[in-house]
Amino acid sequence: MHDKILILDFGSQVTQLIARRIRESHVYSEIHPYDVDEAFIREFAPKGIILSGGPNSVTEPGSPRAPQIVFDLGVPVLGICYGMQTMADQLGGKVELGKLREFGYAEVRAHNHTSFLTGIEDFQTAEGHGMLKVWMSHGDKVADMPAGFKLMASTPSCPIAAMADDERRFYGLQWHPEVTHTAQGRAMIDRFVLVLCNARADWEMGHYVEEAVEKIRAQVGDEHVILGLSGGVDSSVAAALLHRAIGDQLTCVFVDHGLLRQNEAEQVMSTFADHLGVKVIHVDASTAFLSKLAGVTDPEAKRKIIGAEFVEVFQAEANKLTDAQWLAQGTIYPDVIESAGKGKKGAHTIKSHHNVGGLPETLNLKLLEPLRELFKDEVRELGVQLGLPPAMVYRHPFPGPGLGVRILGEVKREFADLLRRADAIFIETLRTTIDKETGKSWYDLTSQAFAVFLPVKSVGVMGDGRTYEYVVALRAVQTLDFMTAHWAHLPHELLGHVSNRIINEVRGINRVVYDISGKPPATIEWE
């Protein structure tokens, strides 16, 4: 059994980053709603508990509180932002509305050499005070600490920016150590998890393969599994893992919905059917998908239509495979969290995912999600352990609805064909353009890159003729966690080359623009 850290989620949009940081320290962690019952927490047997941030105010009647067992269990507890405030309130301190809110970069002064912060600092002032560069996001603040706590850090506008009770191993931070903007955030997470909780760092993908294979075999037995193979990283790794575990008991269904990247169908069939020996059924359902999407412009409606059509296709294929009892999916942990699933009570759903929720009831198949508890970086690491080609494992993320959410407005076959070709030119150029400073391709230097089709026309001139054709936008971002992202500062020469090729080679497009929006305020995908 792995040592585990329990994260109780109060609705922050970055709660999953806490779990990712802990797992990066090779300790297993899970996110669950703040109001799980006492029995669950005892059975979970955490080595430590983290209370996340959240959008509520502790001063409001009926605002969320942590279960009392959190403070009675005898394990270290770390409260982050709202988590610190509810800790203070529940243990007898006082929280009040802040007169001056803090959002963004801040420098905090450390005090009292507590076990949590000793030796962790970014710089010292002329007076010798240890200082930390952190990321704040709060309105309320702790006005009085509970008995037993001492001041751990402060800012001019937030006199109690962190507090500590070393005897009970309770700690509160008003900043967010989980985000990359907090310079020493990794050291803080490591200090809490590895030192104060004394958790074993034994969460390794090499060991996980064996555990996952055993778990799948025990769950499936001698029954048969059908998996929707999209060609993306998640479904590909799920297919490889399942094939390792149950071999010919797995049948993959590759659905071409007409919204795939260029030559993707051929690549998927070659990799899995020809080289790995996996049973793959290739279904060309493009006409059905595109007809269902005709006239639909709302992004969420498009996602739901594509998801529903996937269910229909799988149902049809499952009926042909009379021995299939399980539907396997490449659902990963961020899908579950972002879709307001596990650990997101009261949080806003940003967008739905076609592979989360509701499928077992409509498919009449048992649901198997072998990657459900893994983050994307862990999935890639698992793929390498399973022997998948690096080019596939480290491919940029591609949404389940495919080009359906990269074509703004109505989806048409004509638009998909134009976008496919433009996107292929962009990706090919990124792969073949090497950055002299790092020696890496710009594809490897970006986390996600793609083209977006805009349903507007603009006037252009080609030769002696006037054109009135469509526009594509190029999008490339750099990010560590996909929760926040910066637009990639691609070389102007690269962008110019891509633009020239698209306009000259893709008849129907006469203008190319580059998206320089970060996340937030924008999302990475346009829809």
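Analysis parameters
- Residues numbered from 1 in each chain as written.
- Predicted model: local features only at pLDDT ≥ 70, side-chain atom pairs only at ≥ 80, totals over all residues.
- Heavy atoms only, no water.
- Domains from an automatic or database assignment.
- Phe/Tyr/Trp six-rings, centres within 6.5 Å; stacked < 30°, edge-to-face > 60°.
- Helix = DSSP H or I, 4+ residues; strand = E, 2+ residues; numbered from the N terminus.
- Buried < 20%, exposed > 50% of the residue type's maximum accessible area, 1.4 Å probe, protein only.
- Lys NZ or Arg CZ within 6 Å of the ring centre and 35° of its normal.
- UniProt positions renumbered as here; feature names shortened; annotations may be inferred.
- Contact = heavy atoms within 4.5 Å.
- Core = buried A, V, L, I, M, F, W, Y, C linked by side-chain atoms within 4.5 Å.
- Pairing = 2+ DSSP bridges.
- Axes fitted to C-alpha atoms, helices over the stretch in contact; angles between N-to-C directions.
- Salt bridge = Lys/Arg side-chain N within 4 Å of Asp/Glu carboxyl O.

A. Representation of the domain arrangement of the protein. Per the domain assignment, the segments of the protein are domain 1 (4-196), domain 2 (205-394) and domain 3 (413-514). Measuring from the centre of the C-alpha atoms in domain 1 to the corresponding centre in domain 2 gives 36 Å.

B. The arrangement of the packing of aromatic side chains in detail. Going through the model one piece at a time under the given rule, you end up with 13 aromatic pairs. For the ring pair Phe289 and Phe310, a centre distance of 5.4 Å and an interplane angle of 70° mean the geometry is edge-to-face. Placement of the pair is Phe289 in helix α9 (residues 286-293) and Phe310 in helix α10 (residues 299-320), with a sequence separation of 21 residues. Phe310 matches Phe289 in its accessibility class, with the two residues each being buried. An aromatic cluster is present here, built from Phe10, Tyr34 and Tyr82 joined pairwise through their rings. If you follow Lys4 out to its NZ or CZ, it ends over the ring of Phe44, 4.3 Å from the centre. Across from the ring centre of Phe375, 5.9 Å away, lies the NZ or CZ of Arg20, which sits over that ring.

C. Geometry of the UniProt feature "binding site: ATP" (unreviewed entry) in the protein. The sites that UniProt annotates as "binding site: ATP" (unreviewed entry) are Ser230, Gly231, Gly232, Val233, Asp234, Ser235 and Ser236. One can find Asp234 in helix α7 (residues 233-246). Sequence-distant contacts of Asp234, defined by excluding residues within four places in its chain, comprise Gly330, Ile332, Leu371, Lys376 and Val379. Structurally, Ser235 can be placed in helix α7.

D. Structural context of the nonpolar core. Counting 49 residues, the largest nonpolar core has Leu430, Leu490 and Ile502 as its most contacted members. If one sorts the elements of this core by residue count, helix α15 (residues 413-432) sits on top with 9 residues. Each of domain 2 (205-394) and domain 3 (413-514) contributes no fewer than three residues to this core. Residues in contact with Ile502, not counting those within four places in the same chain, are Ala422, Ile425, Val472, Leu474, Ile509 and Val512. If you look at the next biggest cluster of nonpolar residues, it comprises 43 residues, including Tyr208, Cys252, Leu368 and Leu374.

E. Region of interest: unusual backbone geometry. In this chain, Lys519 is followed by Pro520 through a cis amide linkage whose omega measures -15°. Tracing the chain through its elements places Pro520 in the segment after β19 (509-514). The backbone of His26 sits at a positive phi, close to 65°, despite the residue not being glycine. Looking at the element boundaries, His26 is found in the loop between α1 (15-24) and β2 (28-33). Non-glycine residue Cys81 carries a positive phi angle of around 60°. Along the chain, the position of Cys81 falls in the loop between β4 (77-80) and α4 (82-90).

F. Geometry of the sheet that holds strand β11 (residues 224-228). With parallel pairing, the 5 strands of this open sheet are ordered in space as β13-β12-β11-β14-β15. Two strands close off the open sheet at either side, each with one partner strand: β13 (279-284) and β15 (366-368). Mean inter-strand twist for the sheet, computed between neighbouring axes without regard to direction, equals 30°. Of the strand pairs in this sheet, strand β12 (residues 250-256) and β13 are connected by 6 bridges, and their pairing is parallel. Among the inter-strand pairings, Cys252 is bridged to a residue of β13, identified as Val280. The sheet contacts of helix α6 (residues 205-220) involve β11, β14 (324-328) and β15, and relative to β15 the element is tilted by about 175°.

G. The arrangement of the pairing of strand β9 (residues 158-165) in detail. Summarising burial for β9: 7 of the 8 residues are buried, a large majority. Pairing analysis gives 4 bridges linking strand β8 (residues 150-155) to β9, with the strands arranged antiparallel. Across the sheet, the residue bridging to Leu151 is Met163, located in β9. Connecting β8 to the next strand, β9, in antiparallel fashion are 2 residues. Two strands pair when backbone bridges link them, and β9 and strand β10 (residues 170-173) are joined in this way by 4 bridges, in the antiparallel orientation. By the bridge assignment for β10, Met163 is matched with Gly172. Where β9 folds back on β10, the antiparallel hairpin that results is connected by 4 residues, among which Arg169 adopts a positive phi of roughly 60°.

H. Main features of the pattern of salt bridges. Under the counting rule described, the total for this entry stands at 24 salt bridges. For the salt bridge of Lys292 with Glu309, the shortest nitrogen-to-oxygen distance reads 2.6 Å. Of this pair, Lys292 sits in helix α9 while Glu309 sits in helix α10, and the two are 17 residues apart along the sequence. Of the residues examined, Lys292 reaches a relative accessible area of 44% and is grouped as partly exposed.

I. Examining the side chain of Thr182 more closely. As for its placement among the helices and strands, Thr182 is situated in the loop between β10 and α5 (185-196). Owing to a relative accessible area of 3%, Thr182 belongs among the buried residues under this scheme. The contact partners of Thr182, leaving out residues within four places of it in the chain, are Lys133, Val134, Trp135, Trp175, His176, Pro177 and Met188.

J. Looking closely at the environment of Ala218. Here Ala218 is to be found in helix α6. The class for Ala218 is exposed, based on a relative accessible area of 67%. Between the C-alpha atoms of Ala218 and Ala147, which are 71 residues apart in sequence, the distance is 50 Å.

K. Region of the structure containing the UniProt feature "active site" (unreviewed entry) in the protein. Per the UniProt record, "active site" (unreviewed entry) is annotated on Cys81, His176 and Glu178. For this annotated set, covering 98 residues, all C-alpha atoms fall within 11.2 Å of each other, a compact arrangement in space. Take Cys81: its relative accessible area is 5%, and that puts it in the buried class. In this view, His176 contacts Val14, Ile80, Cys81, Trp135, Ser137 and Thr182; residues no more than four positions away in its chain are not counted.

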